[in-house]
Amino acid sequence: MTATAFSLIFVAALAATLGAQLWLSWRQIAHVSAHRSAVPAAFASRIGISAHSKAADYTVAKQKLGMLETLASAALLLLLTLGGGLGLLFAWTERLEVAPLWRDVLLLAAIALITGLLGVPFAWWHTFRIEERFGFNRTTLKLWLTDLAKGVAIGIILGLPLTILALWLMRNAGVLWWLWVWLAWMGFQVLMLVLFPTVIAPLFNKFSPLPAGPARERIEQLLARCEFAARGLFVIDGSKRSGHGNAYFTGFGRARRVVFFDTLLERLAPEEIEAVLAHELGHFKLRHVVKRVVWSAFLSLAFLALLAWLATMPWFYAGLGIPADAVPTAMARPGIALALFVLVLPVFTFALSPLSALYSRKHEFEADAFAARHASAAALTQALVKLYEDNAATLTPDPLHSAFYDSHPPAAIRVARLATLAALPGVDPRLT
């Protein structure tokens, strides 16, 4: 492999990925727009044409913004790599009178700042233009900026020590450094499972105990039937930021919590809340979270091993914009290898997106089947229809776009599957 050859491969992969992303977005816009004026037959009696048209317009607006962000991200990637941006940052850090480890830390911090700043205007537009236009935004600019500042602070507090440890291991742990970095990364993931529900999430939302009533009684009975122990049932004030609703499990071991958005509780009947929770509980009882963690661990180990190999290849640096005369120095700076790898990896892994989405949809079907066994399939269907309507989720996604991106099955397919399960209360969810 030569530097020129790798540059050509990178450009070709970037062009193919960018072209595919834009084409899929265009397909989604065209397909949703073409079905805007007619509610699918399966939902005609439950969702009005105005709500259906709103969902179509909301989907199109998000897709158009996403296309602009995709183009901007691709342009920035080219500027940082073949455009010489990383080379300039590398040269700047080389001139600093600090230890090589801190040069790499500053390099990665500068890249994180640049890429993060690119996303800020798009996030602002999504919240204060698109979400506002469709009646979902309830946050203020002050709260939005506060959340942004908190996110940056948490990223520094948690991410900086991990980055320093990883760079130190890359320098000092020998040829198997990638294995030690992987162990550190997995330890960090476990730590996050503990810290998120108990420390991080409460920084953004107020968690209140689920009040007594029919919904709580049903939920407690469901948890008892499924032999699930949680540290508590909580409601968060999601309505202060958005009109969207959700429910989820978080944490593990003694830190496990069941969390409901207040917007969800306001909209759903007790039996529908129970069915939604049964679906979420299905993910836990069927070990979907564990399976995804194991799969993620396997991929991260493989990618770190690949990085260890690429970090020793001069063409990897020169082919991505590091000047040829600086490559020997760059090979002694693990931070530049890590930065290049993180930036360009999505270009080469985009083609795997349908596999990840398919795996996630399989888990969603299994969780639906679990809910049909332990609650009511009809109630879950009613809840989903309400959530589709309230969240302006399109009922007519483009099949190919859905196959690439959607972690949940399309509405029509999912509701049809639930209708079948309603007639089979004893179905084994592992066989669906």
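Keep in mind that this is a model prediction, so the values were computed, not measured.

The helix and strand inventory of the protein stands at 17 helices and 4 strands. Computed over the C-alpha atoms, the radius of gyration of the protein is 24 Å, within 12% of the 22 Å expected from 2.2 N^0.38 for a compact globule of 432 residues. Overall size of the protein, expressed as C-alpha extent along the three principal axes, is 70 × 50 × 45 Å. When each of the 432 residues of the protein is scored for burial, the buried share is 45%. Put simply, 78% of the contacts in the protein that link residues at least 6 apart link residues at least 24 apart. Carbon and sulfur atoms make up 68% of the accessible area of the protein, which amounts to about 21,000 Å² in all. Looking at charge distribution, the protein has the averaged site of its 37 positive side-chain charges lying 2 Å from that of its 27 negative ones.

Relative to the assigned elements, Asp262 resides in helix α8 (residues 262–267). Taking the C-alpha atoms as reference, Asp262 lies 33 Å from Ser353; in sequence the two are 91 residues apart. Those residues within four positions of Asp262 in sequence are excluded, and the remaining contacts are Val235, Ile236, Asp237, Gly238 and Ser239.

On to the pattern of salt bridges. The full count for this structure, using the stated rule, is 16 salt bridges. Taking the shortest distance from any N to any O, the salt bridge between Glu94 and Arg333 comes out at 2.5 Å. Of this pair, Glu94 sits in helix α3 (residues 85–94) while Arg333 sits in the loop between α12 (327–331) and α13 (334–349), placing them 239 residues apart in sequence. Of the residues examined, Arg333 reaches a relative accessible area of 3% and is grouped as buried. One salt bridge connects Glu220 with Arg216, and the closest N-O pair in it is separated by 2.9 Å. Here Arg216 and Glu220 lie together in helix α7 (residues 214–225), a separation of 4 residues that amounts to about one turn. Owing to a relative accessible area of 40%, Glu220 belongs among the partly exposed residues under this scheme. Each of the salt bridges in this network shares a partner with another, and the network as a whole consists of Glu94, Arg103, Asp104 and Arg333.

How each quantity is defined
- Residues numbered from 1 in each chain as written.
- Predicted model: local features only at pLDDT ≥ 70, side-chain atom pairs only at ≥ 80, totals over all residues.
- Heavy atoms only, no water.
- Helix = DSSP H or I, 4+ residues; strand = E, 2+ residues; numbered from the N terminus.
- Rg over C-alpha atoms; globule rule 2.2 N^0.38 Å.
- Buried < 20%, exposed > 50% of the residue type's maximum accessible area, 1.4 Å probe, protein only.
- Contact = heavy atoms within 4.5 Å.
- Areas by Shrake-Rupley, 256 points an atom, 1.4 Å probe, with all protein chains shown as cover.
- Lys, Arg positive; Asp, Glu negative; His and termini not counted.
- Charge placed at Lys NZ, Arg CZ, Asp CG, Glu CD.
- Salt bridge = Lys/Arg side-chain N within 4 Å of Asp/Glu carboxyl O.

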